[in-house]
Each structure stands twice: as structure tokens, then as C-alpha cells.
Amino acid sequence: MLGYIIKRLLQLIPVFIVVSMIIFSIIHLVPGDPIDSMMQIGSTPEQRAELTARYGLDKPLPVQYGIWLAKMLRGDLGEAIILRQPVTALIAQNLPHSLLLGVLALAFSTIVGIVAGALAAVFKDSWIDRSVMTLILLGSTVPSFWLGLLLILLFAVQLGWFPVSGARTWSALVLPVLAIGLGGIALVARVTRVAMLDIARRDFVMMLHAKGLSRWRIQFGHILRHALLPVVTILSLRIGWILGGAVTIEYVFARPGLGSLLITSLNQRDYPVVQGCLLMLAIAVMLGTLIGDLVQAAMDPRVRDSST
Amino acid sequence: MGYKTKALFLSASTIVSATMASVGLPAVAFAQEATFVLSAREVGAPSYNPIKATRLNAGNTFIYDRMVIQDADQSFHGQLATSWESSADGMSWTFKLRPNVKFHDGEPFNAKTIEWWVPKFAGTENAFMTDSIAKVEIVDDLTVKFVMKNPDPNMLFNMASTFMGVPSPKAYDALGDKYGVTGAVGTGPFKLESFVVGQQTVLVRNEAYNSASKLSANQGPAKIKKLTLREIAEDSTAFLELKTGGVDMLLSVPTDFLPKLQAEKGTKVITLPGTEVFYIPMNTSVAPFTDIKVREATAFAINQKEILTNLFGGVGAEANNFLISSLLEAKVDPKLNISYDPARSKKLLDDAGWTVGAGGIRAKGGVPLQVKLWTQNGTEFKRITEVVQAQLKAVGIGADITIFDAATITAQYKKLNEHQLAVRSYSWGNADILDWFFSGKRLGHPNHSMWNDPKAEELNLKAMKGSRTWDERVANFKAYHEYVLSQFVFAPIYQPVQNFAYSEARLSVPATIRGTRLQGQTIVDIEKK
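Within every chain, residues take consecutive numbers counted from 1 along the sequence as written. The order in which chains are written sets their letters, starting at A; the order in which ligands are written sets their numbers, starting at 1. Whole-chain, interface and lining totals are the exception, using all residues; otherwise, since this is a predicted model, local features are given only for residues with pLDDT of at least 70 and side-chain atom pairs are given and counted only at 80 or more. Remark: hydrogens and water are excluded; side-chain values derive from all non-hydrogen atoms of the structure.

Asks: Quick rundown of the domain arrangement of chain A? Include the residues and the values.
Replies: Residue and element names in this part refer to chain A. For each domain, the first and last residues come from an automatic or database assignment. Splitting chain A by domain gives domain 1 (2-73) and domain 2 (90-306). One C-alpha centre belongs to domain 1, the other to domain 2, and the line joining them spans 32 Å. Overall, the association of domain 1 and domain 2 removes approximately 1,800 Å² of surface from exposure, summing both partners, and the carbon and sulfur fraction of that is 76%. Buried area: the accessible area, evaluated with a 1.4 Å probe, that two parts lose upon being put together, summed over both parts. Interface area lost by domain 1 to domain 2 is led by Tyr4, Ile23 and Ile27, which between them contribute 33%. By salt bridge we mean one thing: a side-chain nitrogen of Lys or Arg within 4 Å of a carboxyl oxygen of Asp or Glu. Linking Asp293 and Arg8 is a salt bridge whose minimum nitrogen-to-oxygen distance equals 2.5 Å. Elements with a minimum of two residues in the side of domain 1 that touches domain 2: α1 (2-29), α2 (34-38) and α4 (61-73). With 13 residues, the single largest contributor to the side of domain 1 that touches domain 2 is α1. Residues are grouped as follows: Ala, Val, Leu, Ile, Met, Phe, Trp, Tyr, Cys and Pro are nonpolar; Asp, Glu, Lys and Arg are charged; every other residue, Gly included, is polar. Of the residues belonging to the side of domain 1 that touches domain 2, the class tally is 16 nonpolar, four polar and two charged. Per the convention used, a helix needs a DSSP run of H or I reaching at least four residues, while a strand needs a run of E reaching at least two, with both numbered from the N terminus.

Below you can see the structure in the form of C-alpha cells.
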């Protein structure tokens, strides 16, 4: 297992380098630059040139990338041009908010998704199955941005149960978690349902029936347990998705987090911050994939054996 | 539950616990506190350092006092300065300072503060504010003299800028680069308690406040004890916060939200004269706008009244020249003002050889009069641009709309000849905006009209550098403005007002708001009910 972990970690290095190049290129190739955001009415073209040079934006892009990469490898993501703080400090300030939102949304979508998928599988082709899957399909097709506004209107404005926005109280977490989590239930439920139906056809399940075990014990004690392997894989892949999905929700709910920081910085072309935020999201996706692979390998020895 | 499953749950709960601990949510607000929402345009302002920051939010005027402040009628009033005078040749300014003023850290405000403060702008992005000052001389403890490099009749306007809030020298030097982010110390009615960029600023009352200007009814400390300024980028969210009682006041309301707010029981909307103008720059270096007749026809095709009435419900004013109406330089020869005149527009296009072709779009030599019309994202921009497109079509000019984000459109302007027409706006309360948008030194951006005309440059130089007194400056800028108008390098559209909304049940706000914006001079008069 240790060899497998080391191998998977080494595989991440070239991926990380390529991802960092893509992130750097994308933001620098988008029209606009941060100096425009800093120019005041009355400032002169000479001041613009001086600022451009001060932040190293007059250097060729490969040189700028090299400087950024060298600093990044030392754990320094640079200084925000507009926000004028170390990028690592800005990320450290915002990441916990995004993580909290993401973890809670992931937990919500996982628990509800597994329960819904299991119910649909147990009551296959019944009205319960059809109702659950229809509701899930509806939930997954509604954009989270719009869903967020609908939740605000219903639960904050009409019912007054939760605050409209912000991060000042714990109750302010409920609606953003729902807005992100509801969209994620569909995938978990569908995977759970398909996996359970697949496992239900296996020989060992016939044996369990033959032994006289109750239907519920077979379904939830054995079939669901075995069906969780693909669910875990899906969940690990969703770690990055959840953080990325929080971008618009943080904006709608005026919450602190990587998403809010990313949008603010992107609008002002604050390159170091945008690069730092995108890098964090990319790392989350890479780590999610890694965790998924490791968990899968731990649960099913055939996975790690096949990769050696 | 197997070991692996347990480990998984344990890891997840550890992450949640650690994250919860680091997020550290604060306690629920107390009743005597007030919460305001800053303008969406001010979201993400990075610092409360008025010397170095290039973007500041309204909170700066709550923390800092300025030497002078400006009223809505553009008149100037003393705050940290009690009186001032300029020498006859404009080469010196003498300011008498307010006595017994202390910074939030207990340090005294006096002539030494000003002697320290003015040179601090050198080498910063805001250096142009004090460029004309050669040195500061201390006359006595409460009198300073600015010795000028050249006459600067715009001195008072600069001194009234938000960027001219005076910080405590001791705190400023002690905090270094972190000043404005981890701490900010002024003499204003509120002290900075905490600031999280993009999220919120918490201010507490300065109990020793004694430097209110005559624009404030309350000459003592503010009535609100604790003020939270929230940053909400989404206007709908801010509106719903006010509606549900989550916040007490919105420091900016888009005009298209006014009907909803006015229909809300218990919500009061205040309007102030605006400092913004919507207009259409025409790229004079690209055909067909190299032809002054086409430019003039385009300008007279814009129906300002229709836009004001149909899009903004009559809130605001028509723009008929480049400057906000309250400026003296906006009072140009009425013949030069630009107002909707479709007959004149059509005749000019006929005269220029553009005849009406298929589908109502004019053509000349087989080339249709089809132009690019750019705008930036944002509901107001999109709506105005769509109406402008229809109005241009009515006189036979076809326009293809492209929408950009603010940073991208600026980069596109810099390509110089890619754009033809654009719907844009500026917010500024001084005639030197003419230099910013029409100087031949700034072609592409911000001179989107690509206007580089020898006579215009001469008038610009005279207005910017050749005025010794305020009256001279007004006359020179008026002449420059009139020349720019006569060349039809832009089409004026609309002047919005500033809208604020608050809960009548929770706040008591003065009936009349003094100043160019709702700033520190008003905040001391606002009371929590």
C-alpha cells in the first residue's frame, strides 16, 4: 500500500506543474490587467508605466511564470497587487469558510443522496423509486445560483427562519449548504441506486436470501455496504467540485471564502490572488482524486494490485 | 462500523471541527448597533490607507476627517482647516487648522501633522493630488503654508477628496505596509475596530470627536455607538437584507430597484444629486466617425428624455453635455448642448451621403452604416445600450452590441481602432474629467474617442495648467468643454442620482443630506431608534 501511495503522489508532480502553467496562462491571456484598476483620474501615463514595472508586469510572460513558480515552490504565492496582502494570508483567511461550507454541503448531499438512492433501489420501479428519482432530477437541473435566490426568498424573506446573507451566525450556513448540497444529491443517489441494484444480482445475495436473512438486513447490512465503493470514489471526485461550486453561492450569500475572493480579484485582474485561488481549487481536485484512489485501494486490494 | 469507515468519519469530523474553530463566527449584534451596506461598486476596496490606496470605500470618511469638505452645491467648508487663503499669484496657500483635535490614538493634530502628511504622497499612486505643492511651511502650531510649484486653483477640490483623509503619523509609521489593513487611525467620528476585505468593517464611536464641519447638525460624537459596514456584491441580496431587517441602510441603490424599495412599507429612499454621467464616446479615428456629420447625427439620434422616462422612471436627469449639471463648467452656451433631434440627425446623414437602404439601415457606396456598439456587464448598461441601439436604428444607423466585463473592455479600448461606439459612464465631480477622457496623451484608454486635436490640446493645457484662480479655471474649462461639444466626439445620455435606502423603523436620518455623498458629515447625525 505504501508503494502505491508513493507512486500516486509522484504522479501528481507533473500534473501540478502542468496545472500551474495552465492557470498562469489563462489569467494572463484574458484581456485586462490590474494596473487599470489602480489608475486614478488624474494619474499620468508615466505613473502607469512605473506601476507596471513595479509589479513586474513588464517582463515576458515566461519570466513572470518562472518567478511565480520559484516563489510558489518555497510556499510564497506572492503579494496581492490590488489587495496588498500576502496571497497566502488572504487564502488562509478565506479557505476555512469555503472548507466549512464545502464539507457540510458534501456531508449533506452524501447522507441524503445515499438514503434516497437506497430507498429507490429497495423500492425499484415503485412510486417511491419514481418520486425520489424525479425529485432528484429536478434538484440537479436547477442552477445553484438560482436555487440560492429561491431559498433566500422562501426561508429568509417569507418564513424568516434564516438570515439572508453573511457569515455572522451559524444559522447563516443553512441556506448556502442547501443550495450547494441539493445539486449534489442526484449523483450520489443515482450511483447508490445503480450500485445496489447491481450488487443485488450477485450470487452472495442469493445465498443470504437462502439463509433466511430479512430483506432489510440484506439490503442495508450487505448490499448497501458493498455498494458504497463507487459512492466513495464519486465523493472524492466531488471534493474539488464542492469548493468550485461554492464560488457562485458565496457571491449570492455574500459569504467570505475562496469564491468571493476569486470573483473580487478576477474583476480587478489581481493576478497573484486569482492564481492562488485557482491553484487551491486545483489542489483540492487533485487531493480529492488521490484520496478517492487511496480509499478505493484500501477497500479493494484488486485496485492497488492492478496498478503495480 | 469497520475501522476504515470509522477513520473516514473521524477525519471528516476533524476537518469540520478545525474549520469551525478557525472560522470563529462572532456573536449576534446588539440592538444599539447599526449595520449599513456599502455600495456594490466599493466591494473589495482593499485598504483604509488614504495615502496609498487607489480604491476607498465610504467608511474612510467615517474614520478620517479632511482639511475641507464639499457640499452638494460644490461649495467648500472647513473641517480640519477652519479657514484658508491663496496668495494673489496663486503660489501659496495658507490654512488655519482646527484647535484641540486629537487622533483616535490620542496624538495631537497640528501643523506638524500636515508637514509630515503632504510629502507622504510622493511616489504613491495618489501623488498627483499633491504634485503642485513644493513644500509645507509651519507658520505656527495651527497654521501651515503650502508653497506651490505652480498655481493650483483646484487645491480645495483635491483637499476635499476621500484620499485626503489625514491619518495619525504615529500609527501610520508604526504599521508601515500594514497600515489601512490591520489598523487605521484618524480624527473622524468612528474608530476602526476590525476590517476583513470584501466582507465587513466594524467601527466604534469616537467618544472624543470634536471636529465636525458645519455640514453636520451634531457637532459632537456620533449617535450610533457601533457601526458595521457590510460588503455585498449582489444588489438583490442587499435589498433582501434591508427588507428582512438584516441591515439598516443601503448606501447605494441601483435606480432599477427604486420601485421595489418605494413599495416597501417602512423603507425610506433618499436621493442626492449624482456625480455620474452616462455617455457614448465615438472613435473619431475610425470610419464612419471620422466624419463630423456622422458624429453629430449620432449624437442627435439619442433620445435622452425617453431613456430617463422609460428606463429610470424619471429619476435622475437628462445629460446634455459632458459634465454633471451642478458644475459651473457645465453651464455652456445652450446652443452647444446636445438634445434629441431626429430630423437634424437624418438630414446630417443625408448630407454625408448615407442614404436609407434595405431594412431602414443607411448605406453609402454599397457599404451599410452598421457599427459596433460596446458596453460592459451590468443591468443599467445593458438596458441603456439596447435602447440606444433602437434609437440609432430609427435614424438609419445599425449597431451590433457586444458586452464585456469592465477589465476586458478597457483592454479592448487600448487596441485603439477596434471600437466605434460604446455606452459607458464616469463618476466625478470636477471639470478636469475632460482632460482625463479627451486629452491626446491618453488615446484609447481613457480617451476612448481617440480625440487628438491641436486646438483641443491647447485649450486643455490652458485649463489644466494656465489658471491662477478658481474663476479663471472655470472659464478655461468652460471654453475647453464648449470646444469638445462642438466637435461631437461623444453623445451624452443620462445623469443618475445617488439613491440611499434605510429602515424608518430602525434609523432616524436627517431630512437634508449635506455634502456630495452620504459621508462622515451625515453619519454623525444618523440615530438608531
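Structure shown, so let's carry the discussion forward.
Asks: Before we move on, could you go through the pattern of salt bridges and cite the residues and values that matter?
Replies: Any two side chains of opposite charge can pair, so long as their charged atoms come close to each other. All names here are of chain B. Summed over the entire model, instances satisfying the criterion amount to 28 salt bridges over all chains. Across the pair Arg514 and Asp71 runs a salt bridge whose closest N-O atoms are separated by 2.7 Å. Linking Arg514 in the loop between β24 (507-508) and α16 (520-523) with Asp71 in the loop between β2 (68-70) and β3 (76-78), this pair joins segments that are 443 residues apart in sequence. Taking relative accessible area as the criterion, Arg514 reaches 30% and is therefore assigned partly exposed. On the accessibility criterion, Asp71 (7% relative accessible area) is buried. The residue Glu296 makes a salt bridge to Arg344 at a minimum N-O spacing of 2.7 Å. Separated by 48 residues along the polypeptide, Glu296 in helix α8 (residues 292-301) and Arg344 in helix α10 (residues 342-351) bring together distant segments of the chain. Buried means the residue's accessible area, taken with a 1.4 Å probe over protein chains only, is under 20% of the maximum for its type, while exposed means over 50%, and partly exposed covers the values in between. Among the residues examined, Glu296 registers a relative accessible area of 13% and is labelled buried.

Asks: Give a description of the nonpolar core that names residues and reports values.
Replies: By nonpolar core is meant a set of buried Ala, Val, Leu, Ile, Met, Phe, Trp, Tyr and Cys residues that side-chain atoms within 4.5 Å join together. Core analysis: the biggest nonpolar cluster contains 177 residues, and Phe36(B), Phe95(B), Trp117(B) and Phe146(B) have the highest contact counts within it. In what follows, a contact means two residues having at least one pair of non-hydrogen atoms within 4.5 Å. Each residue touching Phe36(B), except ones within four places of it in the same chain, is listed here: Ile224(B), Leu227(B), Thr228(B), Leu229(B), Arg230(B), Asp248(B), Met249(B), Leu251(B), Leu507(B), Ile523(B) and Ile526(B). One finds Ala118(A), Ile152(A), Val191(A) and Ala238(B) within the second-largest nonpolar core, a separate group that totals 56 residues.

Asks: Can you break down the interface of chain A and chain B residue by residue, with the values?
Replies: Of the residues lining the interface, 53 residues belong to chain A; the matching set on chain B comes to 56 residues. In total, chain A and chain B occlude about 4,600 Å² of area from one another, counting both sides; carbon and sulfur atoms represent 61% of this. If you sort the residues of chain A by the area they bury against chain B, Gln40(A), Ile41(A) and Arg168(A) come out on top, with a joint share of 19%. Remark: the boundary between chain A and chain B carries four salt bridges. Taking the shortest distance from any N to any O, the salt bridge between Asp33(A) and Lys414(B) comes out at 3.9 Å. Identification of polar contacts relies on pairs of N or O atoms within 3.5 Å, with a donor-acceptor requirement for protein atoms, meaning one able to donate a hydrogen and the other able to accept it, and with residues adjacent in sequence counted only if both atoms are side-chain atoms. Counting the contacts that link chain A with chain B gives nine residue pairs in polar contact (both at pLDDT 80 or more). Among the elements of the structure, α2, α3 (45-54), α5 (87-122), α7 (144-158), α10 (215-252), α11 (258-267) and α12 (271-299) of chain A are those that each provide at least two residues to the side of chain A that touches chain B.

Asks: Please set out the domain arrangement of chain B residue by residue, giving values where relevant.
Replies: Bring the parts together and some accessible area is lost; that lost area is often taken as the interface size. All names here are of chain B. Taken domain by domain, chain B comprises domain 1 (27-253 + 500-528) and domain 2 (276-495). Centre-to-centre, using C-alpha coordinates, domain 1 lies 34 Å away from domain 2. Opposite the 10 residues of domain 1 that make contact, domain 2 presents 15 residues. Remark: the boundary between domain 1 and domain 2 carries one salt bridge. In this structure, Arg41 and Glu276 form a salt bridge, with 2.8 Å as the shortest nitrogen-oxygen distance. Applying the counting rule to domain 1 against domain 2 returns five residue pairs in polar contact (both at pLDDT 80 or more).

Asks: Which residues make up the packing of aromatic side chains, and what values go with them?
Replies: Here a Phe, Tyr or Trp ring, Trp counted by its six-membered ring, pairs with any other such ring whose centre lies within 6.5 Å, and the pair is stacked when the planes are under 30 degrees apart, edge-to-face when over 60, and tilted otherwise. In this structure the tally under the stated criterion is 33 aromatic pairs over all chains. Centre to centre, the rings of Phe155(A) and Trp161(A) are 5.8 Å apart; their planes meet at 40 degrees, and the pair counts as tilted. Judged by its relative accessible area of 55%, Trp161(A) falls in the exposed class. Members of the aromatic cluster, joined through ring pairs, are Tyr279(B), Phe322(B), Tyr426(B), Phe437(B), Phe438(B) and Phe490(B). Taking the ring centre of Trp216(A) as reference, the NZ or CZ of Arg215(A) above it sits at 5.6 Å. The aromatic ring of Phe239(B) is capped on one face by Lys260(B), whose charged end is 6.0 Å from the ring centroid. By definition, being over a ring means that NZ of Lys or CZ of Arg is both within 6 Å of the ring centre and within 35 degrees of the ring normal.

Asks: So what's going on with the packing of α5(A) against α11(A)? Which residues, and what values?
Replies: Residue and element names in this part refer to chain A. For the pair α5 and α11, interaxial distance at closest approach is 7 Å and the crossing angle is 130 degrees. The pairing of α5 with α11 is recorded here as oblique in orientation. Every residue of α11 that contacts α5 at Leu90, Ile91, Asn94, Leu95 and Ser98 is listed here: Leu258, Gly259 and Leu261. Partitioned by chemical class, the residues of the contact of α5 with α11 number five nonpolar, three polar and no charged. Axis angles are defined between N-to-C directions and span 0 to 180 degrees, where every axis is a line fitted to C-alpha atoms and, for a helix, only to the segment in contact. Orientation is classified from the angle alone, with under 35 degrees giving roughly parallel, over 145 giving roughly antiparallel, 65 to 115 giving roughly perpendicular, and any other angle giving oblique.

Asks: Tell me about the side chain of Ser92(B), residues and numbers included.
Replies: By secondary structure assignment, the location of Ser92(B) is in strand β5 (residues 92-97). Ser92(B) has contacts with Glu85(B), Ser86(B), Ser87(B), Lys145(B), Phe146(B) and Met148(B), leaving out every residue within four places of it along the chain.

Asks: Account for the side chain of Arg295(B), with residues named and values stated.
Replies: Residues and elements named next belong to chain B. Among the structural elements, Arg295 can be located in helix α8. His is not counted here, nor are the chain ends, while Lys and Arg score as positive and Asp and Glu score as negative. Of the buried charged residues, Arg295 lacks a salt bridge, with Asp291 as the closest side chain of opposite charge at 6.9 Å. Residue contacts for Arg295: discarding those within four places in its chain leaves Met282, Thr284, Phe289, Thr290, Trp451, Gln487, Phe488 and Val489.

Asks: Describe helix α6 (residues 127-141) of chain A, listing the residues and the values that go with them.
Replies: All names here are of chain A. An expected span of 1.5 Å times one less than the residue number is assigned to each helix. If you check α6, its first and last C-alpha atoms are 21 Å apart, about what 15 residues at 1.5 Å a residue would give, namely 21 Å. Those residues of α6 lying buried are Asp129, Val132, Met133 and Ile136. All buried residues of α6 lie within an arc of 90 degrees about the axis, which places them on one face of the element. Away from its buried face by more than 90 degrees, α6 exposes Trp127, Arg130, Leu135, Leu138 and Thr141. Tucked into the core, α6 has its buried residues touching α5 and α8 (174-200). What the arc covers is the set of directions going from the helix axis to the C-beta atoms.

Asks: Account for the sheet that holds strand β19 (residues 398-404) of chain B, with residues named and values stated.
Replies: Residue and element names in this part refer to chain B. What makes two strands pair is DSSP finding at least two bridges between them. The three strands are arranged β19-β18-β20 in an open sheet whose pairing can be described as parallel. Edge positions in the sheet fall to β19 and β20 (421-422), since each has one partner strand and no second. The sheet contact formed by strand β18 (residues 370-376) and β20 spans two bridges and is parallel. Looking at the pairing, Trp374 lines up with Ala422 of β20.

Asks: Report on the confidence of the model for chain A, specifying residues and quantitative values.
Replies: A score from 0 to 100, pLDDT tells how confident the predictor is in each residue. Overall, the prediction assigns chain A a mean pLDDT of 85, with 98% of residues at 70 or greater. Per-element averaging of pLDDT across chain A places helix α13 (residues 301-307) of chain A at the bottom with 66 and α4(A) at the top with 91.

Asks: So, the pairing of strand β13 (residues 276-281) of chain B: which residues are in play, and what are the values?
Replies: A regular strand carries its side chains on alternate faces of the sheet. All names here are of chain B. Across the six residues of β13, six count as buried, placing the element largely inside the fold. Bridge count between β13 and strand β21 (residues 424-427): four bridges; the pairing is antiparallel. By the bridge assignment, Glu276 is partnered in β21 with Ser427. Pairing of β13 with strand β22 (residues 490-495), which is carried by four bridges, proceeds in the antiparallel orientation. Paired with Ile280 across the two strands is Ala491, which belongs to β22.

Asks: Give a detailed account of helix α9 (residues 304-312) of chain B, specifying residues and quantitative values.
Replies: All names here are of chain B. Residues Gln304, Ile307, Leu308, Leu311 and Phe312 constitute the buried set of α9. With its buried residues spanning 105 degrees around the axis, α9 presents them on a single face. Among the exposed residues of α9, those pointing more than 90 degrees away from its buried face are Lys305 and Asn310. Put simply, Asn303 is the residue that caps the front of α9, since its side-chain oxygen is 3.3 Å from the backbone nitrogen of Lys305. Phi turns positive one or two residues past the end of α9, at Gly313, with a value near 55 degrees.

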